[in-house]
Amino acid sequence: MNSRLTSMLASVTFGLSVLSGLAFLGIGASHMLDDGAVCVETGFWANARLAPDGLPVGKGVEATSSLTRLCQDSPSVGQRAADLGGELPWLLFGAIALLLFSRLLTAVLKKGPFTEPVARQLTVLGWVVAVGTPVAGLVVGWSQSWLVGSMAPVVGSGPEVSGPMVLVLAGLAGVILGKIMREGVRMREDLEGTV
């Protein structure tokens, strides 16, 4: 095992975790103190036909929309909070996941790769990723949905999930590998005890 590479990777992931945490705090504070407009994009009117007389298109050309950008000047506190809910959950999730990954690498350095602490850290990281991904996606999606609904009531709002849900599979793989490693450690300890 290359301990220098593992040590460097543990330091880099810890540094990235700290940067993500600072970005989380900085963006949260700056957005709550900002008095500018709040904007959100929606695909509600995707593929809607646009009036050709307002667009510089040629004769016989059809124009459709894909995303609509809505902006609210002087937003309410709820709109500003929903705007934050559309950005901050992924930063917080990333900071926590990177911190746990850094702790996993540190445990590998201190105890070795196939030990009980490493298996436990891997299982914890797997559960955080498996559960944190849909939770962060739900907060982001629902925040954006509510923000769109507050600006365009005809759209409405409701629970939506946003983001890369494939991370759930990676988290579940981490949980399974952690359980396998834990069982392997237990079997090795039993074997060493009988010899």
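Residues numbered from 1 in each chain as written. Predicted model: local features only at pLDDT ≥ 70, side-chain atom pairs only at ≥ 80, totals over all residues. Heavy atoms only, no water.

Novice: Teacher, can you tell me more about the overall build of the protein chain here?
Specialist: Across its full length, the protein chain holds 5 helices and 2 strands. When the helices and strands of the protein chain are placed in sequence order, the string is α-β-β-α-α-α-α. Taken across its 195 residues, the protein chain has 32% of its residues classed as buried. Within the protein chain, contacts between residues separated by at least 24 positions form 79% of all contacts whose residues are at least 6 apart in sequence. (Helix = DSSP H or I, 4+ residues; strand = E, 2+ residues; numbered from the N terminus. Buried < 20%, exposed > 50% of the residue type's maximum accessible area, 1.4 Å probe, protein only. Contact = heavy atoms within 4.5 Å.)

Novice: Help me understand the state of the cysteines in this model?
Specialist: Covalent bonding between the sulfur atoms of two cysteines is what defines a disulfide. One pass over the full model with this rule turns up 1 disulfide. The disulfide partner of cysteine 39 is cysteine 71, and the gap between their sulfur atoms is 1.9 Å. Its S-S torsion of approximately 110° makes the covalent link between cysteine 39 and cysteine 71 right-handed. With a gap of 32 residues between them, cysteine 39 in strand β1 (residues 38–42) and cysteine 71 in strand β2 (residues 68–72) connect regions that are remote in the sequence. (Disulfide = S-S within 2.5 Å.)

Novice: Hey, could you run me through helix α4 (residues 116–151) in this one?
Specialist: Since the α-helix turns once every 3.6 residues, residues separated by three or four places project in the same direction. Between its first and last C-alpha atoms α4 spans 52 Å; for 36 residues at 1.5 Å apiece the expected length is 52 Å, and the two agree. The axis of α4 is deflected most strongly, by about 30°, at glycine 132, and proline proline 134 appears within four residues downstream. (Expected span 1.5 Å × (residues − 1). Bend = angle between axes of the 7 residues up to and from the residue.)

Novice: So what exactly am I meant to see when it comes to the confidence of the model for the protein chain here?
Specialist: Regions with low pLDDT carry predicted coordinates that are not meant to be interpreted in detail. Of the residues in the protein chain, 89% have a pLDDT of 70 or more, and the chain-wide mean is 86. Averaged over each element, pLDDT in the protein chain is lowest for β2 (81) and highest for helix α3 (residues 88–111) (94). (pLDDT = per-residue confidence, 0-100.)

Novice: What is the right way to read the packing of aromatic side chains from this model?
Specialist: A ring pair, where both rings are aromatic, is described by two values, the distance of the centres and the angle of the planes. Summed over the entire model, instances satisfying the criterion amount to 1 aromatic pair. When the centroid spacing of 5.7 Å and the interplanar angle of 85° are considered together, the rings of tryptophan 90 and phenylalanine 93 count as edge-to-face. You can see tryptophan 90 and its partner phenylalanine 93 sitting in helix α3, 3 residues apart, about one turn around the helix. According to the relative accessible area criterion, tryptophan 90 is partly exposed, its value standing at 23%. (Phe/Tyr/Trp six-rings, centres within 6.5 Å; stacked < 30°, edge-to-face > 60°.)

Novice: Explanation requested: the nonpolar core in the structure shown.
Specialist: Residues Phe93, Leu104, Val118, Leu122, Leu125, Val129 and Met181 are the most contacted members of the largest nonpolar core, which totals 13 residues. With residues up to four places along the chain from it excluded, the contact list for leucine 125 reads Ala97, Leu100, Phe101 and Leu104. Counting residues in each nonpolar core, the second largest holds 8 residues, with Val38, Leu70, Leu147 and Met151 among its members. (Core = buried A, V, L, I, M, F, W, Y, C linked by side-chain atoms within 4.5 Å.)

Novice: Any chance you could explain the pattern of salt bridges here in plain terms?
Specialist: Evaluation of the coordinates by the stated rule reveals 3 salt bridges. The salt bridge involving arginine 120 is made with glutamate 116; its shortest N-O contact spans 3.7 Å. Taken as a pair, arginine 120 and glutamate 116 lie in helix α4 at a separation of 4 residues, close to a single helical turn. Judged by relative accessible area, glutamate 116 falls into the partly exposed class, the value being 29%. Residues glutamate 183 and arginine 186 are paired through a salt bridge, measuring 2.3 Å at the closest nitrogen-oxygen approach. Of this pair, glutamate 183 and arginine 186 both sit in helix α5 (residues 167–194), separated by 3 residues, roughly a single helical turn. A single salt-bridge network, built from bridges that share partners, covers Glu116, Arg120 and Arg182. (Salt bridge = Lys/Arg side-chain N within 4 Å of Asp/Glu carboxyl O.)

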